[in-house]
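Residue-level listing of the chains:
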Amino acid sequence: MGSEAATAAVDLLRSQVPLQTDGELVLPSRGGVGLVLVDVVNGFCTVGAGNLAPVAPNKQIEKMVEEACRLAKLFCEKNWPIFAFLDTHYEDKPEPPYPPHCIIGSGEENFVPALEWLENEPNLTIKRKNCIDGYISSIEKMDPIFLLIGLENIRLKLLVLVLGICTDICVLDFASSTLAARNIGQVPPLQDVVIYSEGCATYDLPVEFAMNMKGALAHPQGLMHHMGLYIAKGRGAKVVDRVVLEPSE
Ligand SMILES: [Zn+2]
């Protein structure tokens, strides 16, 4: 599919499953927000870094990394909590249907270069996850659920803002599980899970390539990004397309 056809396909999808976003998120200057970064790692974002990395520069992924850096800086300046999932796998534990990726020691499992500075920040909690759903990965050994989103020491957090990759896979699963947990009272006082559309991205595997790859699932980027946001909204997430900081008094 050429870029014009891809745009037409996204337009058609948008007309059939329109997504009404929640507009702009104004971060309250008093805080009460946790930032969750999902898998902003080389293996998914850095050109040529591995089986699931982009093969050429990709605007949606570049924008996501840029926004992740912008908001991470803002949260660090305010000393507000940031929780980062880093997809990390053992060589002998495959994650079908995906080929090997983010294997420990490969470098794919680490932050992209633009976010390396974040590693030493005191407001950051890192959770290396070995499955798609970060929520599940955090309770695998019966760790308290709150350890997961760093909520054990941020009980004031009313809202979790989620950015990362992939919109329709790890971001969606984390948001869905967290919202299900919220709905049955497992993560008080969490009120909202907000997904920032411009701060999310997904990978691109157009149908014309996928049909020549045995076992591959077609995954056109624009369509799947839209569907990821749409399904997340159907799970109860808020979806915003701008994030700004409330001016302090
Ligand atoms: Zn993985």
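Residues numbered from 1 in each chain as written. Predicted model: local features only at pLDDT ≥ 70, side-chain atom pairs only at ≥ 80, totals over all residues. Heavy atoms only, no water.

Remarks on the overall build of the protein
Counting its regular elements, the protein contains eight helices and eight strands. Here the C-alpha radius of gyration of the protein, 18 Å, is about what a compact globule of 249 residues would show, namely 18 Å. The principal-axis extent of the C-alpha atoms belonging to the protein is close to 55 × 45 × 35 Å. Of all 249 residues assigned to the protein, the portion counted as buried reaches 49%. Considering only contacts in the protein between residues 6 or more positions apart, those separated by 24 or more positions represent 76%. Put simply, the protein shows about 12,200 Å² of open surface, and 56% of that area lies on carbon and sulfur atoms. Taking the average place of the 20 positive charges on the side chains of the protein and the average place of its 31 negative ones, the gap between the two points comes to 6 Å. (Helix = DSSP H or I, 4+ residues; strand = E, 2+ residues; numbered from the N terminus. Rg over C-alpha atoms; globule rule 2.2 N^0.38 Å. Buried < 20%, exposed > 50% of the residue type's maximum accessible area, 1.4 Å probe, protein only. Contact = heavy atoms within 4.5 Å. Areas by Shrake-Rupley, 256 points an atom, 1.4 Å probe, with all protein chains shown as cover. Lys, Arg positive; Asp, Glu negative; His and termini not counted. Charge placed at Lys NZ, Arg CZ, Asp CG, Glu CD.)

Some words on the side chain of Thr88
For Thr88, the position within the fold is in the loop between strand 3 (82–87) and strand 4 (124–129). Discounting residues that sit within four places of it in the chain, Thr88 has contacts with Cys102, Ile104, Glu109, Arg128, Lys129 and Asn130.

Observations regarding the sheet that holds strand 2 (residues 33–38)
Taken in spatial order, the six strands of this open sheet run 4-3-2-5-6-7, and their pairing is parallel. The sheet is open, and its two edges are formed by strand 4 and strand 7 (238–240), each paired on a single side. Within this sheet the neighbouring strands show an average axis-to-axis angle of 25 degrees, counted without direction. With six bridges joining them, strand 2 and strand 5 (residues 159–165) adopt parallel strand pairing. Across the sheet, residue Val36 finds its bridge partner in strand 5, namely Val162. Contacting strand 2, strand 3, strand 4, strand 5 and strand 6 (192–201), helix 6 (residues 167–183) crosses the sheet at an angle of about 175 degrees to strand 6. (Pairing = 2+ DSSP bridges. Axes fitted to C-alpha atoms, helices over the stretch in contact; angles between N-to-C directions.)

Structural notes on the packing of helix 1 (residues 3–16) against helix 8 (residues 221–234)
Their axes nearest at 8 Å, the elements helix 1 and helix 8 cross at an angle of 20 degrees. Comparing the axis directions of helix 1 and helix 8 gives the class roughly parallel. Along this stretch, helix 1 crosses helix 8, giving a crossing that reads as right-handed. Touching Ala9, Val10, Leu13 and Arg14 of helix 1 are Gly222, Leu223, His226 and Met227, all from helix 8. In terms of residue class, the contact of helix 1 with helix 8 is built from five nonpolar, two polar and one charged. (Parallel < 35°, antiparallel > 145°, perpendicular 65-115°, else oblique. Left-handed = near helix turned anticlockwise from the far one by under 90°. Nonpolar A, V, L, I, M, F, W, Y, C, P; charged D, E, K, R; others polar.)

Quick notes on the coordination of the zinc ion
Those donors, Asp87 (OD), His89 (NE2), Glu95 (OE) and His101 (NE2), are the protein atoms that reach the zinc ion, and they lie 2.1 to 2.2 Å from it. Taken together, the four donor atoms coordinating the zinc ion span angles of 85 to 176 degrees at the metal, a pattern that classifies the geometry as irregular. Site description for the zinc ion: donor spacing in sequence, D-x1-H-x5-E-x5-H. Like Glu95, the residue His101 is buried in the burial classification. (Donors = N, O, S within 2.8 Å, 3.2 Å for Na, K, Ca; no water. Tetrahedral: all angles 85-135°; square planar, octahedral: opposite > 155°, others 65-115°.)

Quick notes on the side chain of Lys129
Mapping Lys129 onto the fold places it in strand 4. Of note is the side chain of Lys129, whose polar atom sits 3.0 Å from the side chain of Asp87. Discounting chain neighbours no more than four positions away, the residues touching Lys129 are Asp39, Phe85, Leu86, Asp87, Thr88, Gly134, Ser137 and Cys170. (Polar contact = N/O pair within 3.5 Å; in protein donor to acceptor, adjacent residues only side chain to side chain.)

Side note on the environment of Leu12
Inspection of the secondary structure assignment puts Leu12 in helix 1. Since its relative accessible area comes to 56%, Leu12 is described here as exposed. C-alpha separation for the pair Leu12 and Glu108, spaced 96 residues apart in sequence, amounts to 35 Å.

Quick notes on the packing of aromatic side chains
Within the structure shown, the criterion is met by three aromatic pairs. Where Phe75 meets Trp80, the ring centres are 5.3 Å apart and the plane angle is 80 degrees; that geometry is what we call edge-to-face. Per residue, the accessibility class of Phe75 equals that of Trp80, and both read buried. Pairing Phe83 with Phe85 gives two aromatic rings, centres 5.1 Å apart and planes at 70 degrees, and the pair type is edge-to-face. For Phe85, a relative accessible area of 1% gives the class buried. A network of ring pairs unites the aromatic residues Phe83, Phe85 and Phe174 as a single cluster. (Phe/Tyr/Trp six-rings, centres within 6.5 Å; stacked < 30°, edge-to-face > 60°.)

These results come straight from atomic positions and should not be treated as a statement about function.
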